[in-house]
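A structural walkthrough
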Amino acid sequence: MASARKREEWSELALGVLGEAGHRAGGARQAVVQLLAGEDCCLSAQEIAEGIRSGGDRVGTASVYRALDLLHRTGLVQRVELGDGGARYEALVPGGDHHHHVICDRCGRITPFEDPALERAIERLAGRLRHRVSGHDVVVRGLCPGCARTPRSRS
Ligand SMILES: [Zn+2]
Ligand SMILES: [Zn+2]
C-alpha cells in the first residue's frame, strides 16, 4: 500500500493535470482525485461517481468519466480492462505499490495480488525486448473460489 506521503504527492500531481486541462476547481476534479487517493484497488467510473455522491457532493457521471480519461492518458491512473468491455480505474502512485488483478469471469469479482517474482521476470523480459518498456498490465482470468464451487445453472 502506498504511504500517505506518496498518496499526497499523487493527489497534487493529479489535481495539477486536471487543472491545466480546464477542469474547474472543486467539482468532479477534487472529488475524483480524493476518492482514488484513498482506495487500494480499482473501481468502476460508476462506483466512483456513487462514492462521491454518497459523500454528499453532487457530481455527474460524465464529468467523472472525463476526469478519469484524462488521468489515464497522463499516466496517473491505471485502467484495468474487464472481459465484458467495462473498465476500472485506480491511482498509479509513483513509487507506490504495484499490483495486478485476478478477475472472475462469472461474478466479476476483482482481487489484487502482488508477486515480486513476476515483477522480476517482467524486468528480465524488458531487458531482452528491443522496446523501451514503460509499464505492464497483467490480468489473470478464471473463476473465483465461490463461483468454482457453484455449478453454472443451465438456462
Ligand atoms: Zn488494483
Ligand atoms: Zn466469481
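As the structure is a computational prediction, the values presented were derived from the model and not from experiment.

Basis of the calculations
Residues numbered from 1 in each chain as written. Chains lettered and ligands numbered in written order. Predicted model: local features only at pLDDT ≥ 70, side-chain atom pairs only at ≥ 80, totals over all residues. Heavy atoms only, no water. Donors = N, O, S within 2.8 Å, 3.2 Å for Na, K, Ca; no water. Tetrahedral: all angles 85-135°; square planar, octahedral: opposite > 155°, others 65-115°. Helix = DSSP H or I, 4+ residues; strand = E, 2+ residues; numbered from the N terminus. Buried < 20%, exposed > 50% of the residue type's maximum accessible area, 1.4 Å probe, protein only. Axes fitted to C-alpha atoms, helices over the stretch in contact; angles between N-to-C directions. Left-handed = near helix turned anticlockwise from the far one by under 90°. Contact = heavy atoms within 4.5 Å. Nonpolar A, V, L, I, M, F, W, Y, C, P; charged D, E, K, R; others polar. Domains from an automatic or database assignment. Buried area = accessible area lost by both parts, 1.4 Å probe. Salt bridge = Lys/Arg side-chain N within 4 Å of Asp/Glu carboxyl O. Polar contact = N/O pair within 3.5 Å; in protein donor to acceptor, adjacent residues only side chain to side chain. Pairing = 2+ DSSP bridges.

Glancing now at the coordination of the zinc ion (ligand 1). C41 (SG), E90 (OE), H99 (NE2) and H101 (NE2) make up the full set of protein donors to the zinc ion (ligand 1), lying at 2.0 to 2.3 Å. One can describe the site at the zinc ion (ligand 1) as tetrahedral: its four donor atoms subtend angles covering 85 to 127° at the metal. Linear spacing of the donor residues for the zinc ion (ligand 1) on their chain is C-x48-E-x8-H-x1-H. Residue C41 is found in the loop between helix 2 (27–37) and helix 3 (45–54), and its partner E90 is found in strand 2 (residues 87–91); the two are separated by 49 residues along the sequence. Both residues of the pair, C41 and E90, belong to the buried class.

Axis separation between helix 2 and helix 4 (residues 61–73) bottoms out at 9 Å; the angle between their running directions is 65°. In this structure, the crossing between helix 2 and helix 4 has a hand that is right-handed. Mapping the contact onto sequence places A28, V32, V33 and L36 in helix 2 and S63, V64, A67, L68 and L71 in helix 4. Its residues assigned to classes, the contact of helix 2 with helix 4 shows eight nonpolar, one polar and no charged.

Every protein donor of the zinc ion (ligand 2) is accounted for by C104 (SG), C107 (SG), C144 (SG) and C147 (SG), and the metal-donor separations fall at 2.2 to 2.4 Å. Between the donor residues of the zinc ion (ligand 2), the gaps in sequence give the motif C-x2-C-x36-C-x2-C. A residue is classified by how much of its surface remains accessible, and C144, at 10% relative accessible area, is buried.

Okay, the domain arrangement of the protein chain next. You can read the domains of the protein chain as domain 1 (1–94) and domain 2 (98–155). The C-alpha-based centres of domain 1 and domain 2 are spaced at 22 Å. With 10 residues of domain 1 at the interface, the matching set in domain 2 holds eight residues. Approximately 700 Å² of surface area, both sides summed, lies buried where domain 1 meets domain 2, with 57% of it carried by carbon and sulfur atoms. Of all residues in domain 1, C41, Q78 and V80 give up the largest surface area on contact with domain 2, accounting jointly for 42% of the area buried on that side. Here domain 1 is connected to domain 2 by zero salt bridges. Where domain 1 packs against domain 2, one counts three residue pairs in polar contact (both at pLDDT 80 or more). Top element by residues in the side of domain 1 that touches domain 2 is strand 1 (residues 77–81). It accounts for three residues. The residue inventory of the side of domain 1 that touches domain 2, partitioned by class, reads four nonpolar, two polar and four charged.

All right, on to the side chain of H99 then. With respect to the secondary-structure elements, H99 resides in the loop between strand 2 and strand 3 (100–104). Only 2.9 Å separates the side chain of H99 from the side chain of E90, close enough to count as a polar contact. Separated by 3.3 Å, the side chains of H99 and H101 make a polar contact. Excluding anything up to four places from it in sequence, H99 contacts D40, C41, E90, P112, F113 and E114.

Reading across from one edge, 4-3-5 is the order of the three strands in this open sheet, with mixed pairing throughout. The outermost strands of the open sheet, each flanked by one partner alone, are strand 4 (110–113) and strand 5 (139–142). Strand after strand, the sheet turns through a mean of 25° between neighbouring axes, direction not considered. Examined bridge by bridge, strand 3 and strand 4 share four bridges and lie antiparallel to one another. Residue pairing across strands places V102 opposite T111, the latter belonging to strand 4.

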